[in-house]
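Working through the structure, step by step
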Amino acid sequence: MAALTDIIQGKPVDDHRPWPRVIVTADTWRGVASAIAAGRATLLGLWGDKSASFAVHMAVSGETANDIAVASLECPDGTFPSVGAPHPPAIRFERAIQSLYGLLPVGAPDARPWLDLGFWDMQYPLGIRQPPPDVRAAYAFLPTEGESLHQIPVGPVHAGIIEPGHFRFTASGETVVRLEQRLGYVHKGIESLMAGANIERAAKLAARTSGDSTVAYGIAFAHAVEAASGVEAPPRARYLRALMAELERLANHFGDIGAICNDASFSLMHAHCGALRELVLRAAQSCFGHRLMMDQVVPGGVAGNLRTDSLTSITDLLAHIRRRFPSLIELYDDTASLQDRTVGTGIVHDSLVQQFGAGGYVGRASGRVCDARKTPGYPPYDRLEFSVPMLTEGDVNARVWIRIREVEQSLALIDQLIERLPAGPIATKLNGARGEGLGFAESFRGDVLVWVRIDGDRVSRCHLRDPSWFQWPLLEAAIEGNIVADFPLCNKSFNCSYSGHDL
Amino acid sequence: MRRTLFESFTHGPLTEAPPSRDDAALAELMASLERSARRRLGRSLSIREVDAGSCNGCELEIHAINNVFYDLERFGLRFVASPRHADVLLVTGPVTKNMREALERTYRATPDPKWVVALGDCAADGGIFAGSYAVAGGVSAAVPVDLHIRGCPPPPTEILKGLIALLEAQK
């Protein structure tokens, strides 16, 4: 990969931190798109903006840890050159930009709307609002041709206690020939609610973008706001954030390892893992006053201090997990009927995770080395010892194993965090500055990106990019050639966020 | 697997026993839940959960009431896969405009008599998402609601308490 400064040349924007934002020409924009398509850079996010005029922003990373930049193209005529044409992972972003802002990606391979399902009172809610069409057009699913194919529509209301979305399966007998997702059912218009909100309210919105990753969203949003206003959270706050983030990771991994096994009808693992998850949530409640630790991370620091006596609830928890978890790993690994379901099922090829820049266990189970805690990295993880597990098989089993290994790493991290927890203040006051910031955090699911523009104590624009944007499309690839009955298993092994994606 | 199963014999269940007498509130809760559920529905209260736009936080705590500590099913309450098998719709989230029709259709597919429980602060009035172009409002913006359980998200014991209140109200 080349250095980004060679690829992205243009006019740098003042007050964008900690990485540069550069206003580029349409030609440079195309150049960045082809650099990403050629694998010389990785797409991190693509979103629209309306301030004085319309613009589109594209966050990319280069080869080295800190080589990140945002390329911005102003689009006074309401169009921009499609990134999705040379680089398919950008297609859904562009469809969303078109549905929300009315900006047209010229040359885009797919012109169908995304997130806009035809139920709003308007078109282009974040752009120049237009009345909706008189008749809601039927959505054109991609065609499938062949003998004896049948379609199975699933959702938006699913059979389990899960979020809504629509899956259109085309099957030949039991084998899935094509899966097409249609998402957007839980679109709440978070970005429009963010615009003009004060920072306190905006942080609450960020924390409710995807409830299972509320801590990670809190951290990513705080990173972005702190960068924009040029302040730093004190060391103790950094450690407490990391402690919450690792507890959140443990809770989600336990819940999902059990749920994956449950989708293979192995409820014993589900019961045991569910018990571990509950104990993590109870420890979180006693340390931070909320089972999911919602609203505990705030821009500038954390909301409340950790009670010293509650630390024993964490050390007790760690001891209990270390006693119980190894036998559950053994149970998972030794049960042939369960292995028969997970091994070799739902394979994602490494070329796809590289192309999509997929993070989290989806990327790491298919050979992509990535973890926002390491790259670009943020405190206190630069001072902690941990490794990022990686496998190459890319199947359901590999995604389970990545989570098992991450549980072990999180336990070791919590040991270090407790041992080294610094004293001192838990928050820095924000200075009401004006600026733009980009922040990352590693949720249990992968890297969360937050970009924010603040003006005093208000957010004027905020974009939140869930790791699921780069994982959902890979689920369509993973299920191809598998049987319909293995879809719940594949889906749970991804556990993509609907709410985080739909915004 | 054998070892894990054998351990269950020696360790006993994790399920928290119906609480001790001094824990009056919870004891009352569990006793009344069991009594009223049986009397009214003969152990057959079936719940269909519908996420109408939630952030997924409420779903996590609904899952929790199914875990071995709370073990919802011992009270005769259970989650079912289809609205056609349900007595109760447990609805979370602000109702997004994109989900309103799906929620209404789910409601119509649920046989009478039926009750709707709106779970979480967003389900009450749209919560923090109220006022968005994409949000219709609380659950009552789409279907009639019999009970609200507040919280963001409500912890498992609050969810249990709310389900009892519903049963009591139907006496």
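Just so you know, these numbers come straight off a predicted model, no measurement behind them.

What to know about the overall build of chain B
Along the backbone of chain B there are 6 helices and 7 strands. Relative to its full complement of 171 residues, chain B shows a buried share of 46%. Taking contacts inside chain B between residues at least 6 apart in sequence as the whole, the part at least 24 apart equals 79%.

A short note on the overall build of chain A
Helix and strand content of chain A: 17 helices and 16 strands. Here the C-alpha atoms of chain A give a radius of gyration of 22 Å, agreeing with the 23 Å that 2.2 N^0.38 yields for 503 residues. Along the first, second and third principal axes, the C-alpha atoms of chain A reach 65 × 60 × 45 Å. Burial status across chain A gives 56% buried among its 503 residues.

Focus on the nonpolar core
Val60(A), Ala220(A), Val280(A), Val450(A) and Val91(B) are the most contacted members of the largest nonpolar core, which has 205 residues in total. If one sorts the elements of this core by residue count, helix α7 (residues 235-263) of chain A sits on top with 15 residues. What Val60(A) contacts, discounting residues up to four positions off in sequence, is Leu4(A), Val32(A), Ile36(A), Ala41(A), Thr42(A), Leu43(A), Leu44(A), Ala69(A) and Ala71(A).

Considerations on the pairing of strand β1 (residues 45-51) of chain B
Residue and element names in this part refer to chain B. Within β1, 6 of the 7 residues are buried, which leaves it mostly tucked inside the rest of the structure. For β1 and strand β2 (residues 77-79), the ladder comprises 3 bridges, and the chain directions are parallel. Residue pairing in the sheet places Leu45 in a bridge with Leu77 of β2.

Regarding the confidence of the model for chain B
Note: predicted coordinates in regions of low pLDDT should not be interpreted at a detailed level. Residues and elements named next belong to chain B. Taken as a whole, chain B shows an average pLDDT of 84; of its residues, 81% reach a score of 70 or greater. Predicted confidence for residues 19-24 stays below pLDDT 50, and this span has 4 contacts to residues more than four positions away or in other chains. As a predicted assembly, this complex carries a pTM of 0.94 together with an ipTM value of 0.94.

Concerning the environment of Ile199(A)
All names here are of chain A. Topologically, Ile199 is positioned in helix α5 (residues 199-207). With 23 C-beta atoms counted inside 10 Å, the residue Ile199 sits in the buried group. Along the sequence, Ile199 and Asp455 sit 256 residues apart, while their C-alpha atoms lie 9.8 Å from each other. If we skip the residues at most four places from it in the chain, Ile199 touches Val225, Pro299, Leu430, Ile454, Asp457 and Val459.

With respect to the interface of chain B and chain A
On the chain A side, the residues contacting the 40 residues of chain B number 43 residues. Examining the composition of the side of chain B that touches chain A, we find that 7 residues originate from one element, helix α4 (residues 97-109) of chain B, more than from any other. For the side of chain B that touches chain A, the residue count by class is 21 nonpolar, 12 polar and 7 charged.

Overview of the pairing of strand β4 (residues 42-50) of chain A
Residue and element names in this part refer to chain A. Burial analysis of β4 places 8 of its 9 residues in the buried class, which makes it a mostly covered element. Across 8 bridges, the pairing between β4 and strand β5 (residues 54-61) is antiparallel. From the neighbouring strand, Lys50 faces β5, where its bridge partner is Phe54. The hairpin turn running from β4 into β5, its antiparallel successor, is 3 residues long.

Digging into helix α9 (residues 311-334) of chain A
Residues spaced three or four apart along an α-helix face the same direction, because each turn holds 3.6 residues. Here α9(A) spans 35 Å end to end across 24 residues, near enough to the 34 Å set by a 1.5 Å rise per residue. Along α9(A), the sharpest change in direction is near 30 degrees and occurs at Arg324(A); proline Pro326(A) comes one to four residues later. All buried positions along α9(A) are accounted for by Ile314(A), Leu317(A), Ile321(A), Phe325(A), Leu328(A), Leu331(A) and Tyr332(A). On its buried face, α9(A) is in contact with α7, α8 (267-288), α10 (336-342) and α14 (396-420) of chain A together with α1 (2-11) of chain B.

Cut-off values and rules
- Residues numbered from 1 in each chain as written.
- Chains lettered and ligands numbered in written order.
- Predicted model: local features only at pLDDT ≥ 70, side-chain atom pairs only at ≥ 80, totals over all residues.
- Helix = DSSP H or I, 4+ residues; strand = E, 2+ residues; numbered from the N terminus.
- Buried ≥ 20, exposed ≤ 12 C-beta atoms within 10 Å, placed from the backbone.
- Contact = placed C-beta atoms within 7 Å.
- Rg over C-alpha atoms; globule rule 2.2 N^0.38 Å.
- Core = buried A, V, L, I, M, F, W, Y, C linked by C-beta atoms within 7 Å.
- Pairing = 2+ DSSP bridges.
- pLDDT = per-residue confidence, 0-100.
- Nonpolar A, V, L, I, M, F, W, Y, C, P; charged D, E, K, R; others polar.
- Expected span 1.5 Å × (residues − 1).
- Bend = angle between axes of the 7 residues up to and from the residue.

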